[in-house]
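# Inside the fold
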Amino acid sequence: DAGITQSPRHKVTETGTPVTLRCHQTENHRYMYWYRQDPGHGLRLIHYSYGVKDTDKGEVSDGYSVSRSKTEDFLLTLESATSSQTSVYFCAIQETYNEQFFGPGTRLTVL
Amino acid sequence: DQQVKQNSPSLSVQEGRISILNCDYTNSMFDYFLWYKKYPAEGPTFLISISSIKDKNEDGRFTVFLNKSAKHLSLHIVPSQPGDSAVYFCADNAGGTSYGKLTFGQGTILTVHP
């Protein structure tokens, strides 16, 4: 168990509202990632972090921002949610070289 | 950009037989490949990996083969069990860096029938 939790696990929101998803880890890992999973696309990297206040964009970062003020927390924010952001969001941490471990996911529905 | 493709959306096999899941990739210089398994309503779990300096890695019932000339890797599960029914993703870290920006394939749904 890599000690990763995500909150909320499910959320329904309306178009145009801001949404923040939280990823929390208990094991002090430096690298954290946010992915989205959509049918036909596998998992795609949104943003990642390589330390406190150190973040960078992934493949599908448009419409998303992240923050990491503490080692244990990595927040993903949708500033103004759109229906195209309906997805399942996974947070991951990296324990060993190249092997990432994933949280349980957050299912987000934007109406 | 690195591309990773799993061209078979689904695979159905009988319990006890071999399951072979396939994955193709584009770039390959310092790649490190991983397989993940995902059950419904859960996060992906790491299964097995292989470095580009090897052509085979084995862990119990799971073996991954890497064919660098064909830019192809495959995951063999022998014998297959009903509990192996899940979505399988291959992933690639083409950067060779200390942290893994993984590129995932689209996934293959494996169904193992009793």
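Summary of the structure given here. All residue numbers refer to positions counted from 1 along the written sequence of the respective chain. Written order decides the labels, with chains lettered from A and ligands numbered from 1. Only residues with pLDDT of at least 70 get local features here, since the model is predicted, and only at 80 or more are side-chain atom pairs given and counted; chain-wide, interface and lining totals rely on the full set of residues. Note: side-chain values were computed over all heavy atoms of the structure, leaving out hydrogens and water.

The next subject is the overall build of chain A. Counting from the N terminus, the helices are DSSP H or I runs at least four residues long and the strands are E runs at least two residues long. Helix and strand content of chain A: zero helices and 11 strands. In chain A, the order of α-helices and β-strands from amino to carboxyl end is β-β-β-β-β-β-β-β-β-β-β. Radius of gyration means the value over C-alpha atoms here, while the globule rule gives 2.2 Å times the residue count to the 0.38 power. The globule rule puts the C-alpha radius of gyration for 111 residues at 13 Å, and the 13 Å found for chain A is close to it. Projected onto the principal axes, the alpha-carbon positions of chain A cover approximately 40 × 30 × 25 Å. For chain A, with 111 residues in total, the buried portion stands at 50%. Residue contacts are defined here by distance: any two heavy atoms, one from each residue, within 4.5 Å place the two residues in contact. Once local pairs closer than 6 in sequence are excluded, the contacts in chain A between residues at least 24 apart make up 54%. Each residue is assigned to one of three classes by its accessible area relative to the maximum for its type, calculated with a 1.4 Å probe on protein chains only: buried under 20%, partly exposed between the two thresholds, exposed over 50%.

If you look at the interface, chain A gives 21 residues, while chain B gives 22 residues. Take the accessible area each of two parts loses on contact, using a 1.4 Å probe, and add the two losses: that sum is the buried area. Carbon and sulfur atoms supply 57% of the area that chain A and chain B bury against each other, a total of about 1,800 Å² over both sides. For salt bridges, the criterion is a side-chain nitrogen of Lys or Arg within 4 Å of an Asp or Glu carboxyl oxygen. Connecting chain A to chain B are zero salt bridges. Two N or O atoms count as a polar contact when they lie within 3.5 Å, although within protein this holds only if one can serve as hydrogen donor and the other as acceptor, and sequence-adjacent residues are included solely when both atoms are side-chain atoms. Where chain A meets chain B, there are one residue pair in polar contact (both at pLDDT 80 or more). Here the side of chain A that touches chain B is built from residues that sort into 11 nonpolar, eight polar and two charged. As a working rule, the residues Ala, Val, Leu, Ile, Met, Phe, Trp, Tyr, Cys and Pro are called nonpolar, Asp, Glu, Lys and Arg charged, and the rest polar, with Gly in that last group.

Take the sheet that holds strand S7 (residues 64-70) of chain A next. All names here are of chain A. Strand pairing follows a simple DSSP-based rule, namely that at least 2 bridges must link the two strands. Pairing is antiparallel across the open sheet formed by four strands, whose spatial order is S1-S3-S8-S7. Two strands in the sheet have a free side with no partner beyond their single neighbour: strand S1 (4-7) and S7. Mean inter-strand twist for the sheet, computed between neighbouring axes without regard to direction, equals 20 degrees. Examined bridge by bridge, strand S3 (residues 19-25) and strand S8 (residues 73-78) share six bridges and lie antiparallel to one another. Across the sheet, the residue bridging to cysteine 23 is phenylalanine 74, located in S8. Axes, fitted as lines to C-alpha atoms, cover a helix only where it is in contact. Angles between the N-to-C directions of the axes lie from 0 to 180 degrees.

All names here are of chain B. Structurally, proline 79 can be placed in the loop between strand S8 (72-77) and strand S9 (86-93). Judged by its relative accessible area of 35%, proline 79 is partly exposed. Note: C-alpha distance between proline 79 and glutamate 15 (64 residues apart in sequence) is 7.2 Å.

Within this scheme, the nonpolar core is defined by two criteria: the residues are buried Ala, Val, Leu, Ile, Met, Phe, Trp, Tyr or Cys, and they are joined through side-chain atoms within 4.5 Å. Residues Trp35, Leu47, Ile48, Leu73, Leu75, Ile77 and Tyr88 of chain B are the most contacted members of the largest nonpolar core, which totals 21 residues. The contacts of tyrosine 88 of chain B, once residues within four sequence positions are left out, are Gln6, Leu21, Trp35, Tyr36, Lys37, Leu47, Leu75, Ile77, Gly107, Thr108 and Leu110 of chain B. Listed in part, the 19 residues of the second largest apolar core include Leu21, Cys23, Met32 and Phe74 of chain A.

Cysteine sulfur atoms that pair up within 2.5 Å are treated as a disulfide. In this structure the tally under the stated criterion is two disulfides over all chains. Each disulfide pairs two cysteine sulfurs, and for cysteine 23 of chain A the partner residue is cysteine 91 of chain A, the sulfurs being separated by 1.9 Å. Its S-S torsion of approximately -70 degrees makes the covalent link between cysteine 23 of chain A and cysteine 91 of chain A left-handed. Here cysteine 23 of chain A is found in strand S3, whereas its partner cysteine 91 of chain A is found in strand S9 (residues 87-96), with 68 residues between them in sequence. Considered together, cysteine 23 of chain A and cysteine 91 of chain A belong to a single accessibility category, that of buried residues. Here cysteine 23 of chain B is linked by a disulfide to cysteine 90 of chain B, with a sulfur-sulfur distance of 1.9 Å. Taking the sign of the torsion about the S-S bond as the criterion, the disulfide between cysteine 23 of chain B and cysteine 90 of chain B, at about 65 degrees, is right-handed. Here cysteine 23 of chain B is found in strand S3 (residues 19-25), whereas its partner cysteine 90 of chain B is found in strand S9, with 67 residues between them in sequence. Across this residue pair, the class does not change: cysteine 23 of chain B and cysteine 90 of chain B are buried.

What follows covers the pattern of salt bridges. If charged atoms from side chains of opposite charge come close, those side chains can pair. Under the defined criterion, the tally for this structure stands at six salt bridges over all chains. Close ionic contact of arginine 36 of chain A with aspartate 38 of chain A constitutes a salt bridge, the shortest N to O distance being 2.7 Å. Residue arginine 36 of chain A shares its accessibility class with aspartate 38 of chain A, and that shared class is buried. In this structure, arginine 61 of chain B engages aspartate 84 of chain B in a salt bridge whose closest nitrogen and oxygen atoms are separated by 2.8 Å. One end of the pair, arginine 61 of chain B, is in the loop between strand S6 (56-59) and strand S7 (62-67); the other, aspartate 84 of chain B, is in the loop between S8 and S9, with 23 residues separating them in the sequence. Each of Arg22, Lys70 and Asp73 of chain A takes part in a single network of salt bridges with overlapping partners.

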